[in-house]
Amino acid sequence: MEKTERLTLVEAINLGLKEEMRRDKNVIILGEDVGVDGGVFRVTKGLIQEFGAERVVDTPLAEQGIVGASVGLAIYGKRPVCEIQFMGFLYLAYDHLKSHASALRLRSRGSFKVPMVLRAPYGGGIRALEHHSESMEMIYAHCPGLTVVIPSGPRKARALIKSAIRSEDPVLFFEPEAIYRAFREDVPVEEELFPIGKAEIIRPGKDLTIISYGSMLNRTKKVVEKMVKEKGYDPEVIDLITISPMDTQTIIESVKKTGRVVIVHEAPRSGGIAAEIIARINEFALEYLKVPVQRVTGWDTPVPFFAREEVYLPDPQRI
């Protein structure tokens, strides 16, 4: 029988980081307050005590410097895992990601690679301040050469962070802050990896396809439980997991089976992940649709302060 331990999302990512740092001395952590304080959400808690200040580096408050240094470290053989305290602070470092991290392998014809991971909390639901609750993953998914992954729970988070660190290309690892400590999940004691670029059907069904990721997947699952119990519906639920490169095949095969699709995410509606999924369905499975695809998303506004936050986020009624 598989040995497991019950972990939160924070604990699972911490475990994955610790395991990879023990496995490979080139894995280093850097970011604001990641060392002595253990990170703003304590994801890196205890790492500096085990691995020392040369491998768990407290940096100045400078996102450009953190990401720029990570690009350079990766080129020269390290595997940096840098933390940006919130996704809303990442825009300052966009130039390094778009102009250098994403393009260097192609620009150098494979002579250089950038095996770095960038971790950042994202999304609403914690009653935070401005720039602390944004869900702008599509900005980075739009950049060829950047991999974007978002775990929906502790088990996947531990397996994904390990796969991300071992990737030869830059990976943006966005962590849904609303579920950092919302629930626990069985995580195997033995090593486990999850393939990047692969979605997962977490509930097979035949009536309709529901696609989501991150913290919204957990809201969606609760709605699905109610649909099954009270309405007798049989929905298929897909956890997207990797935003880019997207697992189009799993989506299309499900659409061909069900003919109905609902996509749920908290990012703004226009130009979001749902829009891209709809475009791919129209391209590869339009004739299988029985009705137009529906999307349940955040609104095309900045995320409001906490008094109006729940109005912005997709709720069970909208889903």
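Our structure's up above, just so we're on the same page.
How each quantity is defined
Residues numbered from 1 in each chain as written. Predicted model: local features only at pLDDT ≥ 70, side-chain atom pairs only at ≥ 80, totals over all residues. Heavy atoms only, no water. Helix = DSSP H or I, 4+ residues; strand = E, 2+ residues; numbered from the N terminus. Rg over C-alpha atoms; globule rule 2.2 N^0.38 Å. Buried < 20%, exposed > 50% of the residue type's maximum accessible area, 1.4 Å probe, protein only. Contact = heavy atoms within 4.5 Å. Lys, Arg positive; Asp, Glu negative; His and termini not counted. Charge placed at Lys NZ, Arg CZ, Asp CG, Glu CD. Phe/Tyr/Trp six-rings, centres within 6.5 Å; stacked < 30°, edge-to-face > 60°. Core = buried A, V, L, I, M, F, W, Y, C linked by side-chain atoms within 4.5 Å. Expected span 1.5 Å × (residues − 1). Pairing = 2+ DSSP bridges. Axes fitted to C-alpha atoms, helices over the stretch in contact; angles between N-to-C directions.

**Q** Sorry, what's going on with the overall build of the chain here?
**A** The helix and strand inventory of the chain stands at 11 helices and 14 strands. In summary, the chain has a C-alpha radius of gyration of 19 Å against a globular reference of 20 Å for 319 residues, a match within 12%. Projecting the C-alpha coordinates of the chain onto the three principal axes gives extents of approximately 55 × 45 × 45 Å. Each of the 319 residues in the chain was classed as buried or not, and the buried ones make up 54%. Here the contacts in the chain between residues at least 6 apart in sequence split such that 81% fall between residues at least 24 apart. Put simply, the chain has 43 plus and 44 minus side-chain charges, and the middle of one group is 3 Å from the middle of the other.

**Q** How should the packing of aromatic side chains be read in this particular structure?
**A** Each aromatic ring pair is summarised here by two numbers: the centre-to-centre distance and the angle between the ring planes. Per the counting criterion, the structure on display carries five aromatic pairs. Ring centres 5.6 Å apart and planes at 70 degrees place the aromatic pair Phe 41 and Phe 86 in the edge-to-face group. Of this pair, Phe 41 sits in the loop between strand 2 (27-31) and helix 2 (47-51) while Phe 86 sits in the loop between strand 4 (79-83) and helix 4 (94-101), and the two are 45 residues apart along the sequence. Judged by its relative accessible area of 7%, Phe 86 is buried. Aromatic pair Phe 86 and Phe 89: ring centres 5.6 Å apart, planes at 75 degrees, arrangement edge-to-face.

**Q** Could you clarify how one ought to interpret the nonpolar core in this entry?
**A** One broad trend across soluble globular proteins is that nonpolar side chains are buried collectively. In terms of nonpolar packing, the biggest core is built from 46 residues, with Leu 90, Leu 118, Phe 174 and Ile 281 touching the most fellow members. Top element by residues in this core is helix 10 (residues 273-285). It accounts for six residues. With residues near it in sequence (within four places) discarded, Leu 118 still touches Val 67, Cys 82, Ile 84, Leu 90, Leu 97, Val 171, Leu 172 and Phe 173. Formed by 30 residues, the second largest nonpolar core is a distinct cluster that contains Ile 29, Val 34, Val 56 and Phe 173.

**Q** Looking at this structure, I do not really get helix 1 (residues 9-23). What am I missing?
**A** The periodicity of an α-helix, 3.6 residues per turn, causes residues three or four places apart in sequence to face the same way. The terminal C-alpha atoms of helix 1, which comprises 15 residues, lie 21 Å apart, in line with the 21 Å expected from a rise of 1.5 Å per residue. Buried within helix 1 we find Leu 9, Val 10, Ala 12, Ile 13, Asn 14, Leu 15, Gly 16, Leu 17, Glu 19, Glu 20 and Met 21.

**Q** Can you help me understand the pairing of strand 2 in this one?
**A** Two faces make up the sheet, and in a regular strand the side chains alternate between them. Among the five residues that make up strand 2, five are buried, leaving the element largely enclosed by the rest of the structure. A two-sided burial pattern is seen for strand 2, the buried positions comprising Val 27, Ile 29 and Gly 31 on one face and Ile 28 and Leu 30 on the other. Bridge count for strand 2 against strand 4 is five bridges, and the pairing is parallel. The residue of strand 4 that forms the bridge with Gly 31 is Glu 83.

**Q** What is the right way to look at the environment of Phe 194 in this model?
**A** Within the fold, Phe 194 resides in the loop between strand 8 (185-188) and strand 9 (200-203). The spatial distance from the C-alpha of Phe 194 to the C-alpha of Ile 281 is 25 Å, given a sequence separation of 87 residues. Excluding its chain neighbours within four sequence positions, the residues that come into contact with Phe 194 are Ala 159, Leu 160, Ser 163, Glu 200 and Ile 241.

**Q** Would you take a moment to explain the sheet that holds strand 7 (residues 171-176) for this structure?
**A** Strands pair in a sheet through their backbones, by hydrogen bonds, and they do so in one of two ways: parallel or antiparallel. On the basis of which strands lie adjacent, the open sheet formed by seven strands has the order 3-2-4-5-7-6-12 and mixed pairing. On the outer flanks of this sheet lie strand 3 (56-58) and strand 12 (242-244), each paired with one strand and no other. Here the average twist between neighbouring strands, direction ignored, is 20 degrees. Alignment of strand 5 (residues 117-122) against strand 7, held across six bridges, turns out to be parallel. Within strand 7, the position partnered with Arg 119 by the bridge is Phe 173.

Without other data, these values stay purely geometric and don't point to any function.
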